[in-house]
Amino acid sequence: MALRRENSLLIALLLPAGIFFCAFFLLPLVRLFLIGGEGKLGYAAYAAIVTDRNYFRSLVSTLVLAAGTTVITLIISGIAGVFLQRHSFRGNAVLVSMLTFPLAFPGVVIGFMVIMLAGRQGLIGDITLALTGEKLVFAYSMAGLLMGYVYFSIPRTILTVMAAAEKLDPKLEEAARSLGASPWRVVLDVIIPGLKPAFLAAGAICFATAVGAFGTAFTLATRINVLPMVIYTEFTLQANMAMAAALSFVLGAVTWIVLAIARQFAGGTVAAAG
Amino acid sequence: MQPVSIRLSRCGKTFPDGTRALEPLDLDIGAGETMVFLGPSGCGKTTTLRIIAGLEAPDEGGSVTFDGVDVTPLPIEKRNVGMVFQSYALFPNMSVAENIGYGLRIRKRPATAIRQRVGELLEMMRISPLADRRIDQLSGGQRQRVALARALAAEPRALLLDEPLTALDAKLRDVLRLEIDGLLRRLGITAIYVTHDQAEAMALGDRILVMDHGKVAQIGSPRDIYQRPASRYVAEFIGTMNRLSGQPESGGFRTAGGLLPWAAAPHAAREAWFRPEDTALADAASAPLSGSIDAAFFLGDRTRLFVSIGNDKPLVVETAERREFRIGETVGLQVDASRILAL
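Residues numbered from 1 in each chain as written. Chains lettered and ligands numbered in written order. Predicted model: local features only at pLDDT ≥ 70, side-chain atom pairs only at ≥ 80, totals over all residues. Heavy atoms only, no water.

Observations concerning the overall build of chain A
When helices and strands are tallied, chain A shows 12 helices and 0 strands. When the elements of chain A are put in sequence order from the N terminus, they spell out α-α-α-α-α-α-α-α-α-α-α-α. In terms of overall dimensions, chain A has a C-alpha envelope of 70 × 60 × 35 Å along the principal axes. Within the span of chain A, comprising 274 residues, buried residues form 38% of the whole. The contacts of chain A with a sequence gap of at least 6 include a subset with a gap of at least 24, amounting to 67%. (Helix = DSSP H or I, 4+ residues; strand = E, 2+ residues; numbered from the N terminus. Buried < 20%, exposed > 50% of the residue type's maximum accessible area, 1.4 Å probe, protein only. Contact = heavy atoms within 4.5 Å.)

Next comes the structure, spelled out in structure tokens:
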């Protein structure tokens, strides 16, 4: 009896959170799903992402771009994070805070910086022109976008990696070396396994952010075909609300599935799935 | 596996911040010998071990040789030494068997040879049923057995143990100490054992190197060090020492508690040092020394008494007498004069 009273009290206490969840998460999501089926194609719009070559290609390139960004970011953050944690030198703290500096930049600013570096008037273009007589311009392609994404993903991962690197037991590395492991084997057998939970957690955030990022792609526009850009185009230029909604839903679902798989591997340490 | 002899010559260590962890040290460790480095934390014992292991380089001018071959420039992974750490340092991402076989895997031994050798070691350490366990499923004692097996698997030239028993509880420590002792004797491997526990050092060491603030305080067999300590530091660090201040005079050593019959007292002696086991209770009326009981601890088979004489630290005396002792009671003491040291 008392237990039931307690349960109903708990339900009553959970009610505000439940209402909030329904109003701002469940309802919009259901609505989005329904709108996706209201177009000319009906619910077949959801299949279009696989059957329509353009949509499918943009989905694939979005996922490849996000995966590439994640891998490159983890490699850079892994090396830099472990190094910065292990070595104290003058300016160490300044360097760490500089690495986390781009955290607050909107995508537009990142895109602008990529153009400054690798655009038609960019630094890399000027240097290559002087050296080889040809201007290297890649800001407006996938390469430029990848560079921008890596740039803003590093701050999101490096602190996580550094925190995990601090917890690595130096005795484990010494033990491995005493057994004959070369420095490279130590990285492979001790450091990477030790950092694995951090890599999975930081990688998940990195991947999800890269899938959904829009500002940078929008700034670099011209030759880029990533899903957030396609959704924007469908929505504003074609006024195809249904298709935009269907694509959005699929984008969310695919990302969620990828992160769920990652979580399986991590054994529940990926907090950011979905 | 031939045991290796190890020689350190002029091995000092100064850290980048200028602290001198180790004064230049010369040391010979014989093939198959178990050498214990003993001292309080910060005395340089671990630094010395790490120099031998190849985890630290000695200061300019120092060298480490194994069987006469200079290994100073070789990093640890090229020295083929087995290490056992206080924190076990087992790889958490590998099973027990994988941990033990790691060194052999690194050496690219064939899988069947690895399996066989791992099986031998599991048996030797009596942990065969644990082969497929994860490390976090093991108790501390089991972990240290795995660590020993792992260190021995690739037949190292020397076994280096850095406070291997410190993290274990007292009972387990005794069991494992006996096991390690048996293992080292059986294998005949050159072993260096670092500890701050003098009982461990006495039980395991063929020789003990007592260290103090980066310097050698004394080196010798456990018996030497206990019975003939070279300094007050060693005397106080190893076992219990009684100290009584006084003045030599004809016929003995005059103390606040009476005339200690110590004919051989050096002229300059101001303190007499002797072990509790060379001190005995005697009839208060006729004993050369007398003092009052400060504290008494009944230990079952014997009673440990703290007897205070003058302003000195109370002397420790143990007796098998079956009576009760009262605090403040006056008792007589006698000391075996042949065992008294001046220091």
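Thoughts on the interface of chain B and chain A
Across the contact, 21 residues belong to chain B and 16 residues belong to chain A. Regarding the contact of chain B and chain A, the summed buried area is about 1,700 Å², with carbon and sulfur atoms giving 59% of it. Taken as a group, B:Glu77, B:Tyr102 and B:Ile106 account for 31% of the area that chain B buries against chain A, more than any other trio of residues on that side. In this structure, the connection of chain B to chain A is made through 2 salt bridges. (Buried area = accessible area lost by both parts, 1.4 Å probe. Salt bridge = Lys/Arg side-chain N within 4 Å of Asp/Glu carboxyl O.)

Some points on the pattern of salt bridges
On inspection of all chains with the given rule, the structure shows 30 salt bridges over all chains. Notably, a salt bridge pairs B:Glu163 with B:Lys45, separated by 3.7 Å at the nearest N-O pair. Of this pair, B:Glu163 sits in the loop between β7 (158-162) and α5 (170-187) while B:Lys45 is found in helix α1 (residues 45-53), placing the two residues 118 residues apart along the sequence. Like B:Glu163, the residue B:Lys45 is buried in the burial classification. Taken together, the shared-partner salt bridges connect A:Lys171, A:Glu174, B:Lys13, B:Arg50 and B:Glu56 into one network.

Quick look at the nonpolar core
With 52 residues, the main nonpolar core has A:Leu195 and B:Ile52 as its most contacted residues. Setting aside chain neighbours within four positions, we find A:Leu195 in contact with A:Val82, A:Val161, A:Ala164, A:Ala165 and A:Leu168. (Core = buried A, V, L, I, M, F, W, Y, C linked by side-chain atoms within 4.5 Å.)

Remarks on the confidence of the model for chain A
All names here are of chain A. Per-residue pLDDT for chain A averages 87, and the proportion of residues at 70 or more is 95%. Per-residue pLDDT, averaged within each element of chain A, yields its smallest value for helix α2 (residues 45-51) (85) and its largest for helix α8 (residues 170-178) (95). Confidence drops under pLDDT 50 across residues 268-274; counting only partners more than four residues distant or on other chains, this segment forms 16 contacts. (pLDDT = per-residue confidence, 0-100.)

Overview of the pairing of strand β6 (residues 81-84) of chain B
Residues and elements named next belong to chain B. Burial along β6 is two-sided: Val81 and Met83 facing one way and Gly82 and Val84 facing the other are all buried. Strand direction decides the pairing type here: β6 and β7, joined by 4 bridges, are parallel. Bridge pairing in β7 places glycine 82 opposite leucine 159. (Pairing = 2+ DSSP bridges.)

What to know about the domain arrangement of chain A
Residue and element names in this part refer to chain A. Under the domain assignment used here, chain A contains domain 1 (1-36) and domain 2 (47-266). Put simply, the middle of domain 1 and the middle of domain 2, counted by C-alpha atoms, are 35 Å apart. Of the residues lining the interface, 5 residues belong to domain 1; the matching set on domain 2 comes to 6 residues. Taken together, both faces of the contact between domain 1 and domain 2 bury some 460 Å²; the carbon and sulfur share is 86%. Its largest share of buried area at the contact with domain 2, domain 1 owes to Leu32, Ile35 and Gly36, together 74% of the area lost on that side. Summed over the shared surface of domain 1 and domain 2, the result is 0 salt bridges. At the surface where domain 1 touches domain 2, the tally comes to 0 residue pairs in polar contact (both at pLDDT 80 or more). Its residues assigned to classes, the side of domain 1 that touches domain 2 shows 4 nonpolar, 1 polar and no charged. (Domains from an automatic or database assignment. Polar contact = N/O pair within 3.5 Å; in protein donor to acceptor, adjacent residues only side chain to side chain. Nonpolar A, V, L, I, M, F, W, Y, C, P; charged D, E, K, R; others polar.)

Considerations on the packing of helix α3 (residues 53-86) of chain A against helix α11 (residues 227-237) of chain A
Residues and elements named next belong to chain A. For the pair α3 and α11, interaxial distance at closest approach is 8 Å and the crossing angle is 140°. One element, α3, and the other, α11, form an angle in the oblique class. Residue-level contacts link Tyr55, Ser58, Leu59 and Thr62 of α3 to Leu227, Pro228, Val230 and Glu234 of α11. Considering only residue class, the contact of α3 with α11 consists of 5 nonpolar, 2 polar and 1 charged. (Axes fitted to C-alpha atoms, helices over the stretch in contact; angles between N-to-C directions. Parallel < 35°, antiparallel > 145°, perpendicular 65-115°, else oblique.)

What about the pairing of strand β17 (residues 303-308) of chain B?
Residues and elements named next belong to chain B. Alignment of strand β16 (residues 289-298) against β17, held across 6 bridges, turns out to be antiparallel. In the strand pairing of β17, serine 292 is matched with serine 308. Taken together, β16 and the strand that follows it, β17, pair antiparallel across an intervening segment of 4 residues, in which glycine 300 is found at a positive phi of about 100°. As paired elements, β17 and strand β18 (residues 315-319) share 5 bridges and run antiparallel to each other. Within β18, the residue paired with threonine 303 across the bridge is threonine 319. The turn linking β17 back onto β18 is made up of 6 residues, and glycine 310 within it adopts a positive phi angle of 55°.

A few points about α8(A)
Think of an α-helix as 3.6 residues a turn; residues three or four steps apart then line up on the same face. Residues of α8(A) that are buried include every one of A:Leu172, A:Glu173, A:Glu174, A:Ala175, A:Ala176 and A:Ser178, and no others. Tucked inside the fold, the buried residues of α8(A) contact α3 and α9 (183-212) of chain A together with α1, β6, α2 (96-106) and α4 (140-153) of chain B. The N-cap of α8(A), judged by a side-chain oxygen 2.9 Å from the amide nitrogen of A:Lys171 a few residues on, is A:Asp169. At the C-terminal side of α8(A), A:Gly180 shows a positive phi close to 105°.

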